[in-house]
Amino acid sequence: MSKKQSSLQLMGLVLTQKRILFFSILAMFVSVLIQLVIPLIMKYIVDQVIPRQDFFVFGGAVIALILLPIVASLFAMMGNRINHRIGAHVTDTVRLQLFDKFLRLSPAQYHNLNSGVMNQVIGAAGEIGDLYITQIVIPFIFQAIMVAGMISFMLYLNVELTFISLFFLPFVVITSLMLGKKAKGLASDVMKMQTELSSYAIEFFSGLKSTQLFQQEDQERAYQSAWIKQYRKKRNHTFVVGQFAEIMGHVIKSLGFGAVFAYGAWQIFEGRLTIGSLLVFIVYHPQLYAMIEKMQFAYLKTVETWPKTKLVRGILDIEVDRQAGNLIFVETNEPVLSFQNVSFAYEENRGQLSGVTFTIDKGEFIGIVGESGSGKSTLFELILRFYKPSSGQILLYGDDLSSYSSQEIRREITLVTQEPFIWNRSIRDNLRYVKPEATDQELIHACHIAQFSDFLTRLPYGLDTILGEKGVKLSGGEKQRIGIARAILRNPTILLLDEPTSALDAKTEALFQEQLKQTFHDKTILVIAHRLATVKDADRIIVVKDGGIDDIGSHQELMRRGGEYSQLYNEQFGEKEAP
Ligand SMILES: Nc1ncnc2c1ncn2[C@@H]1O[C@H](COP(=O)(O)OP(=O)(O)OP(=O)(O)O)[C@@H](O)[C@H]1O
């Protein structure tokens, strides 16, 4: 999507409210018209009613002068209320659009985003809708109408005096443009600092234990205090720029007012202008500049809001993969999973896989081993389509993985990681997260296979026990068993296990494996493990080395060949125990 299209989207959101926008414009227009008419009534009183001493008309005109501003402000209020509704609509819609986009980002995309960006963007959506659209964009339209109306009336009354009044206008424009440039740079710096703080706030509590353990409280405090100091400096600078714009506005307005008054008086002396007309100019001139000041403010705010609008647009413009889809894997005689000369790198020269080729048949139990950082988890990331291979093909039942949507793939393939994510909700909710319609019986059955039942029965609130943020109230092994129970509930065609039992004791792990093989006897299971005992009984073991496949075979075959696997095995169990 091009930038032009997404910026149109924002205005498009305003236009979806065109019915109420019409009433807002109407209300503001009536208010503007009344305000423009008031000085003309004053002119009429001064030039015609007072000289005629017509007290009846005078009384009526004075009542109109009192009532009209009240009516004008009522209409303005009505317009503002509608504008707020439009702004709220824009905010809500943009927030939801952003959230939908966040939900669809791939790891490659969100790893590049700072974690504070989410806070910033959600806040920015509020600013764009509530402040920018409501208080800047829509009022700007009326201010422009009002300025045009005033200038037309002024020209009609006296051309020379109008030009004198407008003489100072270019100065306002020049100051705005100059200050706008400065304000834009400052706003961008302020936004970057706010994003930094949001990220820091997110990390702060996760890292607090380490901070205390390594006694780095002073360092954290120093970081905060440096941030506060720098932030205050930038904010002060922004404030000074704003104040400078205000002062310049007053100076220009006063100079203009003096010039209009002096030139108008001189024209009265010469009999070329009535007192009433000068009165109109005296009222219009400050009003005109007040409107222009507001437009200047709108410009500066637009410039200030620009980095945030750009950020929101940037997020909305990120292209995401096709997510939805209802294709079902059709089991064929083809291997369930096949890597054909697959290569991939997260970043240039980082985390490379190259020329990976292997085939897995339905119902196989496959172990994956290799040194830390060799690329084992990356294989799973590619299977689940969190990343795409840079070359080669991954086939599912003979079809290229790219012909399935990510939803279709993740419906059939499930991953259990070493540290499953736990929500600060009950055990029931954490389990049902993967299958909302699961009955308690199903949950208990899954917990039984995951060797979690004993723990569950010891809890006073059972499935209703709340687990704390990120599962802080659970041990590593308990968290892993929740992860395993979730996978069992999903009942996938292919189960990927990435060190799912690393925190379990050997006895519990053996019990779990036995249960797993029984329950998933017709499914394909791939297990990554450092502890070779976990995969020793697998049908085949894939040995990964430096981003490539070193060897594939059963435990006995690999031991006989005496390669990387036998070395790893001997390191763990000693030469004596090797078969
Ligand atoms: N998101 C990422 N961006 C950049 N590089 C990454 C990313 N994730 C992993 N890597 C790199 O890719 C390489 C392979 O990582 P991977 O997690 O697949 O290894 P592994 O064999 O599973 O390691 P371990 O046994 O320690 O879990 C590593 O060098 C790692 O630093």
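Rules of the game
- Residues numbered from 1 in each chain as written.
- Predicted model: local features only at pLDDT ≥ 70, side-chain atom pairs only at ≥ 80, totals over all residues.
- Heavy atoms only, no water.
- UniProt positions renumbered as here; feature names shortened; annotations may be inferred.
- Pairing = 2+ DSSP bridges.
- Helix = DSSP H or I, 4+ residues; strand = E, 2+ residues; numbered from the N terminus.
- Contact = heavy atoms within 4.5 Å.
- Axes fitted to C-alpha atoms, helices over the stretch in contact; angles between N-to-C directions.
- Phe/Tyr/Trp six-rings, centres within 6.5 Å; stacked < 30°, edge-to-face > 60°.
- Lys NZ or Arg CZ within 6 Å of the ring centre and 35° of its normal.

Per an unreviewed UniProt entry, the protein goes by the name ABC transporter ATP-binding protein and belongs to Polycladospora coralii. The UniProt entry for the protein carries the following comment under Subcellular location (unreviewed entry): "Cell membrane".

(A) Focus on the sheet that holds strand E5 (residues 399-400). Here we have four strands laid out as an open sheet, ordered E2-E1-E4-E5, and antiparallel in their pairing. Each having just a single partner strand, strand E2 (353-360) and E5 make up the two edges of the open sheet. Where strand E1 (residues 337-344) and strand E4 (residues 391-396) come together, five bridges link them in antiparallel fashion. The residue of E4 that forms the bridge with Gln 340 is Gln 393. In the packing of helix H10 (residues 376-383) onto the sheet, the strands contacted are E1, E2 and E4, and the crossing angle to E1 comes to about 110°.

(B) Expanded view of the packing of aromatic side chains. This structure, assessed with the given rule, holds 17 aromatic pairs. Here Phe 167 and Phe 171 contribute two aromatic rings whose centre-to-centre distance is 6.2 Å and whose plane-to-plane angle is 65°, an arrangement assigned as edge-to-face. When the centroid spacing of 5.0 Å and the interplanar angle of 80° are considered together, the rings of Phe 344 and Tyr 346 count as edge-to-face. Sitting above the plane of the Phe 386 ring, Arg 410 keeps its charged end 4.2 Å from the centroid.

(C) Representation of the pairing of strand E10 (residues 548-553) within the structure. Note that strand E9 (residues 540-545) and E10 share five bridges and pair antiparallel. Note that in E10 the partner of Ile 542 across the bridge is Ile 552. Linking two consecutive strands that pair antiparallel, namely E9 and E10, is a turn of two residues; a positive phi of about 45° is found at Asp 546 within it.

(D) Representation of unusual backbone geometry within the structure. Unlike most non-glycine residues, Asn 341 shows phi in positive territory, near 50°. With respect to the helices and strands, Asn 341 occurs in strand E1.

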